[in-house]
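The lines below spell out each chain.
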Amino acid sequence: MSAGVNADAVLDLLAARPRVLALGEPTHGEEDLLGLRNDLFRQLVERAGYRTIAVESDCLMGLVVDAYVTAGAGDLDEVMARGFSHGWGALAGNRELVRWLRAHNDGRPPAERVRFAGFDGPLEITAAASPRQALLGLHAHLAARVDPGLLPCTAGTLDDLLGADDRWTEPAAMRDPARSVGRTADARELRLLADDLAGLLDAQAPQLAGPAPAEDWHRARLYARTAVGLLRYHWAMAGAGPERLAMLLGVRDAMMAANLLALAGRGPVLVHAHNSHLQRDPSSMRMGGEPVRWWSAGAIAGTYLGDDYAVLATAVGTIHHRGVGVPPPDTVEGLLYAQPGDRRLADPRGLAAAAGRDARVSPWYGYAPLDPAHLPNYDGIVFLRDARDARDARSAPSA
């Protein structure tokens, strides 16, 4: 069974509206995929009451975008430059999403506004951020609200232990653990202090969550999660064992999952990220010629959310400008490609015949084909027949 990709078709496919509805993508940076996401998410906001859109981008940088879309803070060009990691702010589809969110929220009461969130950690492929912003932000929140005697340290102590930020962001540390600061005496002490600060935030929750504005409380919790997660990531980066890469990938997705669960606690969430971060099955990839496996953010969050988590995987027929041609007919994507329509939503239960098919092999490393073994654990399959070159694809008008 297949239908067009729209909100009604998605909601008909699901038994009930999930609190977290995730849309995966098999590659990054394709404008047609972002356009599909934008169309579907607009409809789900308007027809199903979703009030947060979360994307695979730095959770702290995302605060800049949220301030713009909810309150008009800042200039759009600056927001796109400062509010996204991984270079995503340069993509026309993301700019169009931010413009639409701002226009949608303009003049609406706070309860009806749609929030924006990044749910990735402050991480890049070759580096991780300094924990400075998160640690000092958490400390400042607590220092302004609790008895000073409860604080495990001063802000000056944190600043001294953190040192220069460039020692944390050293790109060579990804390949050479000895270049990482993550297991130095300072980093060990910071891990203990971050844990104490996060624990104090929890212990004082009845006092802090009540009188304070909700945004201050949620931001403090974000700072706590991020500080602890970043220091754990840097610790893993400094390791030299054979499981180092699996640990790094696992820590990253655990940070993503924690952010998703926090967002879900505030209301219904739409999520967009790579299929590998959202699927319920273990994720895998080859790094340095060796296979690496880890549990994705979707698998972790779905464990806690149960039926309140649903995931739609996306596949693409052709990406000719990347050298990805028509899929072989004996693959899942070949089966989908043979059906009519440019955009379709398929029920995995109707693809039983695909279970025995081979996975497609992509000539381009940046495209991850559908794995037939994962079909039973998806709630739907979104299929885009062709992804065009960005120069020919639909793009957002300049603002």
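Residues numbered from 1 in each chain as written. Predicted model: local features only at pLDDT ≥ 70, side-chain atom pairs only at ≥ 80, totals over all residues. Heavy atoms only, no water.

## Quick word on helix α11 (residues 244-264)
At step 1: Given a rise of 1.5 Å per residue, 21 residues ought to cover 30 Å, and the 30 Å separating the end C-alpha atoms of α11 matches this to within 8%.
At step 2: Judged by how many residues are buried, α11 sits mostly within the fold: 15 of 21 residues are covered. (Helix = DSSP H or I, 4+ residues; strand = E, 2+ residues; numbered from the N terminus. Expected span 1.5 Å × (residues − 1). Buried < 20%, exposed > 50% of the residue type's maximum accessible area, 1.4 Å probe, protein only.)

## Quick notes on the packing of helix α7 (residues 155-162) against helix α8 (residues 185-203)
At step 1: The geometry of α7 relative to α8 is characterised by a closest axis approach of 9 Å and an angle of 145° between their N-to-C directions. Crossing geometry of α7 relative to α8 is assigned as left-handed. Where α7 abuts α8, its residues L158, L161 and L162 lie against D186, E189, L190, L193 and L197.
At step 2: When its residues are assigned to classes, the contact of α7 with α8 shows six nonpolar, no polar and two charged. (Axes fitted to C-alpha atoms, helices over the stretch in contact; angles between N-to-C directions. Left-handed = near helix turned anticlockwise from the far one by under 90°. Contact = heavy atoms within 4.5 Å. Nonpolar A, V, L, I, M, F, W, Y, C, P; charged D, E, K, R; others polar.)

## Section: α8
At step 1: Compared with the 27 Å implied by 1.5 Å per residue over 19 residues, the 27 Å span of α8 between its first and last C-alpha is a close match.
At step 2: Among the residues of α8, those classed as buried are A187, L190, L193, A194, L197, A198, L200 and L201. The buried residues of α8 occupy one face: seen down the axis, they fall within an arc of 155°. Among the exposed residues of α8, those oriented more than 90 degrees off its buried face are A185, L192, D202 and A203.
At step 3: Where α8 is buried, its residues meet α6 (132-143), α7, α9 (205-209) and α10 (214-237). (Arc of directions from axis to C-beta.)

Shape is all these values report; function is a separate question.
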